[in-house]
Amino acid sequence: LPMDEARVARILDGFGLEGAIDSSRLVRQIDALDRWISLRWPDCHRHVEIPVESILPSGQFMQGRIDLLLEVAGGWVLLDHQANPAPRDRWDPVATEHSGQLSVYADALVRATGRSVTETWIVLPVAAGAIQITIGAP
């Protein structure tokens, strides 16, 4: 279903956020993300809010949710959304803060599917950008 202002307003209202977020601005952000994905990975298949679980090397149980997972010819592209408004010159700490989580998610995905994670990204809709994260090979 398309994400028009009425649908976005209903979703925001369902989360008790009516009036807290401008639905027209949110629709523009969604459209911008959609255009970027369509241009960069034109033949991808999108998967939203994918649950992921894994046992870490430490023996600790990890449970999380992949915000957006793109299935591409070479494997997977993992995208994590962060509502961080930091300007571009302060994105390095954002990348550092979330790279561990993306690495764990990528490792779990590779082990579960046998397909590689070709790219990992932090999407910053509030700051209107994205940071590509380089993670070690799982």
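This one's a predicted model, so the numbers in the text were calculated from it and none came from an experiment.

## Focus on the environment of Glu71
Consideration 1: Positionally, Glu71 belongs in strand 2 (residues 61-72).
Consideration 2: With 63 residues separating them along the chain, Glu71 and Thr134 place their C-alpha atoms 18 Å apart.
Consideration 3: Ignoring anything within four residues of it in the chain, the contact list for Glu71 reads Asp43, Cys44, His45, His47, Trp76 and Arg115.

## A few points about the packing of helix 1 (residues 5-14) against helix 2 (residues 23-40)
Consideration 1: In the contact formed by helix 1 and helix 2, the axes pass within 9 Å of each other and the chain directions differ by 110 degrees. On the basis of the axis angle, helix 1 is roughly perpendicular to helix 2. Crossing geometry of helix 1 relative to helix 2 is assigned as right-handed. Residues Glu5, Val8, Ala9 and Leu12 of helix 1 touch helix 2, and the partners they reach there are Ser23, Ser24, Leu26, Val27 and Ile30.
Consideration 2: By residue class, the composition of the contact of helix 1 with helix 2 is six nonpolar, two polar and one charged.

## Things to note about the sheet that holds strand 5 (residues 129-133)
Consideration 1: With respect to topology, five strands assemble into an open sheet ordered 1-2-3-4-5, the strand pairing being mixed. A strand with exactly one partner marks an edge of an open sheet, and here the two such strands are strand 1 (45-55) and strand 5. In this sheet, adjacent strand axes meet at a mean angle of 35 degrees when their direction is disregarded.
Consideration 2: By the bridge criterion, 10 bridges tie strand 1 to strand 2 in an arrangement that is antiparallel.

## Comments concerning unusual backbone geometry
Consideration 1: Of note in this structure, Glu49 is not a glycine but carries a positive phi near 55 degrees.
Consideration 2: By the secondary structure assignment, Glu49 is in strand 1.
Consideration 3: The exposure class of Glu49 is partly exposed, given its relative accessible area of 39%.

## With respect to the nonpolar core
Consideration 1: By size, the foremost hydrophobic cluster in this structure holds 20 residues, and its most contacted members are Ile66, Leu78, Ile122 and Ile131.
Consideration 2: Looking at this core, the elements with two or more residues in it are strand 2, strand 3 (75-81), helix 3 (91-113), strand 4 (117-124) and strand 5.
Consideration 3: Sequence-distant contacts of Ile66, that is, excluding residues within four places in its chain, are made with Val48, Glu49, Ile50, Val52, Leu78, Leu79, Tyr105 and Leu109.
Consideration 4: In terms of nonpolar packing, the next biggest core, distinct from the first, is built from 11 residues, Leu33, Leu68, Val72 and Val77 among them.

## With respect to the layout of surface pockets
Consideration 1: Volume-wise, the largest pocket comes out at about 1,300 Å³.
Consideration 2: Leu26, Ile30, Leu33, His81 and Pro125 are the residues nearest the centre of the largest pocket, which is lined by 35 residues in total.
Consideration 3: Elements represented by at least two residues in the lining of the largest pocket include exactly helix 1, helix 2, strand 1, strand 2, strand 4 and strand 5.
Consideration 4: At nine residues, the largest contribution of residues to the lining of the largest pocket is made by helix 2.

## A closer look at the packing of aromatic side chains
Consideration 1: Taken as a whole, this structure holds three aromatic pairs when the rule is applied.
Consideration 2: Ring centres 5.0 Å apart and planes at 80 degrees place the aromatic pair Trp36 and Trp121 in the edge-to-face group. Taken together, the residues span a long stretch of sequence, with Trp36 in helix 2 and Trp121 in strand 4 at a distance of 85 residues.
Consideration 3: The exposure class assigned to Trp121 is buried, which follows from its relative accessible area of 8%.
Consideration 4: In this structure an aromatic cluster arises from ring pairing among Trp36, Trp41 and Trp121.
Consideration 5: Cation over ring: Arg115 sits above Trp76, and NZ or CZ is 5.1 Å from the ring centre.

Rules used in this analysis
Residues numbered from 1 in each chain as written. Predicted model: local features only at pLDDT ≥ 70, side-chain atom pairs only at ≥ 80, totals over all residues. Heavy atoms only, no water. Helix = DSSP H or I, 4+ residues; strand = E, 2+ residues; numbered from the N terminus. Contact = heavy atoms within 4.5 Å. Axes fitted to C-alpha atoms, helices over the stretch in contact; angles between N-to-C directions. Parallel < 35°, antiparallel > 145°, perpendicular 65-115°, else oblique. Left-handed = near helix turned anticlockwise from the far one by under 90°. Nonpolar A, V, L, I, M, F, W, Y, C, P; charged D, E, K, R; others polar. Pairing = 2+ DSSP bridges. Buried < 20%, exposed > 50% of the residue type's maximum accessible area, 1.4 Å probe, protein only. Core = buried A, V, L, I, M, F, W, Y, C linked by side-chain atoms within 4.5 Å. 1 Å grid on protein atoms, 1.4 Å probe; cavity = no way out; pocket = protein on both sides within 12 Å on 5 of 7 lines; lining within 4 Å. Points joined across faces, edges and corners; volume = space filled by probe spheres on them. Phe/Tyr/Trp six-rings, centres within 6.5 Å; stacked < 30°, edge-to-face > 60°. Lys NZ or Arg CZ within 6 Å of the ring centre and 35° of its normal.

Purely geometric stuff here, so don't read any function into it on its own.
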